[in-house]
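# Descriptive structure summary
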Amino acid sequence: MAYRNLAEMFFDRAAARSEQPRYRVKRDGVWQEVTWATMARAVRETAAGLLALGLAPGEKVAILAATRPEWTEADLAVYACGGVSVPIYQSNLAHECGYLLANSESRVCFVENPKQLQKVRTAQREGFDLDGEHWPVEVAQIILIEGEPDGTDVVTLGELRARGRTALPRHEATIRERMAAVGRDDLATIVYTSGTTGPPKGVMQTHGNHLASVEAVSSIGLAREGEVDFLFLPLAHSFARMLEYYGLWVGTVTAFAASIDTLAQEIVETRPHVIPSVPRIFEKIYGRIMSTRDSGGTVKRWLFDWALDAGRARSRCQQERRPLPPLVAARAAVADWLVFSRIREVLGGRVRLMVSGGAPLARGIMEFFHAAGLLILEGYGLTETTPILTVNRPDRYKFGTVGLPIEGVTLRIAEDGEILARGPNVAPGYYKRPEATAESWDCEGWFHTGDIGDIDAEGFLRITDRKKDLIKTSGGKYVAPQNVENLLKTQVHISQAVVIGDNRKYCVALLTLDLEEVVRFAETERITLTDHREFCRHPRIVELIRAEVEAVNEHLASYESVKYFRILECDFSQETGELTPSLKVKRKVVTERFRSVIDEMYG
C-alpha cells in the first residue's frame, strides 16, 4: 500500500497486528511487552490531548528526551494531528536547545524529566544569540514525560493522555481529517544536523522522504517480522528514527535500551536478532575482545588466533560467494564451537546481523566480526537524505564499501570526486536557510553530499573522505584523515584520533586513551599513578602508544603516516564539546582547542 503519511502507515500496520507485541521496555527491573493495540491507543490519546491543547495543523512540536517508547508515541501523535515534530538530543546543552527551539519556532515541547525541563526554562529565560541577533524562545506549552510540573504551562504526559481519553470521542473525526489532509510532499519533521561545521541546519524531511526510505529498505531484508531489534541510538538522530519507522513497517519487536551504561546486560537479556549501532560501539566491542585475547595465556592466544584464521578463510569464501570447501567448513565449525560461540553469546546468542551507520567503520573491524560469524552491514547517508543512500545487503556485501544504492536513488560522482545524489528520499532543503539550501542542492536537483568517493564496476560505493576534511600536504599529496583515524582507533589502547596535516610537510595526530584498557595495562606493569591524567605523560605508556602508532604506519604510505603524536589528558565528550550527540568528532573544535599542541609538533 502506498501510504500518504507516517501516521496513516502506523495506524494501518497497528490494526493488522493488533495483539502482537510491538516493543519491550524495562520497568522496575522487569521487561514488559507492549502490543500494537496498546501503542496505538497511547498514540490516539496523546494526539487527542494535543488537540485539546489547541495544536494547529503545521505547528512545530519539539521532543527533548532519550530513546524510549513515549518518544515514538509522541512523534506519531504529532503526525496524527497534522503537526511537525522537532527532535532534540537529550545530551544537548541549554543554549543548544535554545537555538533549536527558537530556529524551529516550536511552541510545544515534550521533555523527559525535570533535568531536561530546566534546559527549556533556561532557554526561555535567556533566548538565543547568534551573529549579533537575539532570538526569543517562545515555548508556550510543555509536556513532562516523568516528574512533577514546575509551572502552569507544564502538564504531565499522564494528564495529557487522560485529557485525550476524555476528548477522544469528539476529536477522533478531527484526527482522521488531519491525517487525510497530509500528503507525501508535506513536511513531517525538522531534523537538525549535528553541527560539526557550524550552527546546526534544520533539514526539512517530508512524509514522502521517510516513506520512500522504509519502502526501499523493506525489500532488502535487514529485519523480518517478529524479530527483535535492539534500539539504544538517540531517536533525535535520523539513523535511529529511520530504523524505528522501518520497524513499524516490517513489524519487528523493538527492545528499548534502558540506559547506555547497561547495554551489555540488556543485549543478553533481550537476545536481539538485529543490532543497529554507530561505529563507536563496534570499535569498543572489538577493543575489549582483543584486550581479552592479549591478556590470556599462550595457549589461549594461540587458540584465538587459530580460530580467527579459520574464520577468515570461511569469510573469504562467503564474501566471494563461493561454496565452502569441506576442510574450511570443518575448521570454521570447530572455531565456532571453541571460540566464536562465546563472543556471540555476549550479544545474546541469536544475532543474525548488525547494521552500522552514522560514520565510517574500519574495514578490519567488519572483517573480524564476519570471521566470528557476525555480519555487519554498513550503509551510508546523511540527514539530508532521510538518512540513507546506500547499504550492503545480507546476501550481497563488500567490506570497505557502503553498499549499493537503495531503490529510487541515483548517484553520480562529480569531477572533483564529490558524491551527488537524487531520489525520493532526498529532503527539499534547510528550514529558513535558502542560501545554504542553494549551496547543497543544484538547479538540476542533485544534492551535493560533501563526501568524496567512487563507485566500482559492480555498483558498490566507497567513501574516501569528507570533501572539507581532505588534507593536502605542502608536498601536494592528498591524505584522507578518516582512513588513518579509523586505523588508529582499532588499536587497543587508543580511544579517539584526530589527524592533522593540511598545508603541512607531514601528518600528526592528537590521541586520547582508552582509559579502561590503559588502567589494565598499568596494573599489569605495576605502574601506580594517583591521577589518571598522568597516564598521558608516563614514559611506559607513551612508548606503548608509540608502538601502536608505528603498527598503523606500516600500512600507510610515507606521506600519510603519522610522524608525531600527542596524547591528550582526557577523552573527547559531548559535555566538553568535542563530540556530536552521534559520537562524531568535531574536527574544527578539536583543532582550535588544541592549536598550541599541534603547533608544537610542527615546531
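Anyway, here's the lowdown on the structure attached to this text.

Cut-offs and rules
Residues numbered from 1 in each chain as written. Predicted model: local features only at pLDDT ≥ 70, side-chain atom pairs only at ≥ 80, totals over all residues. Heavy atoms only, no water. Helix = DSSP H or I, 4+ residues; strand = E, 2+ residues; numbered from the N terminus. Buried < 20%, exposed > 50% of the residue type's maximum accessible area, 1.4 Å probe, protein only. Polar contact = N/O pair within 3.5 Å; in protein donor to acceptor, adjacent residues only side chain to side chain. Contact = heavy atoms within 4.5 Å. Pairing = 2+ DSSP bridges. Axes fitted to C-alpha atoms, helices over the stretch in contact; angles between N-to-C directions. Phe/Tyr/Trp six-rings, centres within 6.5 Å; stacked < 30°, edge-to-face > 60°. Lys NZ or Arg CZ within 6 Å of the ring centre and 35° of its normal. 1 Å grid on protein atoms, 1.4 Å probe; cavity = no way out; pocket = protein on both sides within 12 Å on 5 of 7 lines; lining within 4 Å. Points joined across faces, edges and corners; volume = space filled by probe spheres on them. Nonpolar A, V, L, I, M, F, W, Y, C, P; charged D, E, K, R; others polar. Arc of directions from axis to C-beta. Expected span 1.5 Å × (residues − 1). Bend = angle between axes of the 7 residues up to and from the residue. Left-handed = near helix turned anticlockwise from the far one by under 90°.

### Things to note about the side chain of Thr386
Positionally, Thr386 belongs in the loop between strand E16 (376–380) and strand E17 (390–391). For Thr386, a relative accessible area of 0% gives the class buried. Side-chain polar atoms of Thr386 contact the backbone oxygen of Asn425, separated by 2.7 Å. Once residues within four sequence positions are removed from consideration, Thr386 is found in contact with Gln205, Asn209, His210, Ser213, Met242, Asn425 and Ala427.

### Looking at the sheet that holds strand E20 (residues 418–422)
Strand order in the open sheet formed by four strands is E19-E20-E21-E22, and the pairing between neighbours is antiparallel. Looking at which strands have only one partner, the edges of the open sheet turn out to be strand E19 (410–413) and strand E22 (461–466). Ignoring which end each strand starts from, the neighbouring axes of this sheet average 50° apart. Relative to E20, E19 runs antiparallel, the two sharing four bridges. Considered in E20, the bridge of Ile413 is made with Ile419.

### Some thoughts on the packing of aromatic side chains
This model, assessed by the stated rule, comprises 18 aromatic pairs. Aromatic pair Phe128 and Trp135: ring centres 6.3 Å apart, planes at 45°, arrangement tilted. Here the aromatic residues Phe282, Tyr286, Phe304, Phe368 and Phe369 are joined through ring pairs into a cluster of three or more. Over the aromatic face of Trp249 sits the side chain of Arg13, whose NZ or CZ is 4.5 Å from the ring centroid.

### So, the sheet that holds strand E25 (residues 494–500)
One open sheet accounts for three strands, arranged E25-E26-E27; its pairing is mixed. Looking at the sheet topology across the chains shown, the edges are occupied by E25 and strand E27 (562–567). Neighbour-to-neighbour, the strand axes of the sheet open up by a mean angle of 25°, direction not taken into account. Relative to E27, strand E26 (residues 507–513) runs parallel, the two sharing five bridges. Looking at the pairing, Ala509 lines up with Phe565 of E27. On the sheet, helix H15 (residues 481–489) packs against E25, E26 and E27 and is oriented at approximately 155° with respect to E25.

### Notes on empty space enclosed by the protein
Evaluation of the coordinates by the stated rule reveals five cavities of 30 Å³ or more. Empty space within the largest cavity amounts to approximately 90 Å³. Contributing to the lining of the largest cavity are Leu222, Ala223, Asp229, Leu243, Tyr246, Gly247, Thr252, Val274, Pro276 and Val355. Where the lining of the largest cavity is concerned, the elements lending two or more residues are helix H8 (238–250) and strand E14 (274–277). Considering only residue class, the lining of the largest cavity consists of seven nonpolar, two polar and one charged. Empty space within the second largest cavity amounts to approximately 60 Å³. Lining the second largest cavity, in full, are Arg280, Glu283, Lys284, Gly287, Arg288, Lys489, Gln491, Val492, Ile494, Ser495 and Asp514. In terms of residues, the lining of the second largest cavity owes the most to one element, helix H10 (residues 279–295), which gives five residues. Split into classes, the residues belonging to the lining of the second largest cavity amount to two nonpolar, three polar and six charged.

### Considerations on helix H9 (residues 263–270)
Taken residue by residue, H9 has Leu263, Glu266, Ile267 and Thr270 as its buried positions. Buried residues of H9, viewed axially, fall in a sector of 105°; they line one side. Considering only its buried residues, H9 is in contact with strand E1 (21–27), strand E2 (30–35), strand E12 (228–231), strand E13 (253–256), E14 and helix H12 (326–346). In the stretch just after H9, Arg271 is the one whose phi turns positive, near 50°.

### Here's the deal with helix H6 (residues 157–180)
Taking 1.5 Å per residue, 24 residues should reach 34 Å; H6 reaches only 26 Å between its end C-alpha atoms and comes up short. A maximum bend of about 75° is found in H6 at Leu168, where proline Pro169 lies one to four positions downstream. For H6, every residue scored as buried is listed here: Leu157, Leu160, Gly164, Ala167, Leu168, His171, Ile175, Arg178 and Met179. Against helix H1 (6–17), helix H2 (36–52), helix H3 (69–80), strand E5 (108–111), strand E8 (141–144) and strand E9 (154–156) lie the buried residues of H6.

### A look at the packing of H1 against H3
In the contact formed by H1 and H3, the axes pass within 8 Å of each other and the chain directions differ by 115°. In this structure, the crossing between H1 and H3 has a hand that is left-handed. For the pair H1 and H3, contact is made by Leu6, Ala7, Phe10 and Phe11 and by Leu76, Tyr79 and Ala80, respectively. Residues belonging to the contact of H1 with H3 are distributed by class as follows: seven nonpolar, no polar and no charged.

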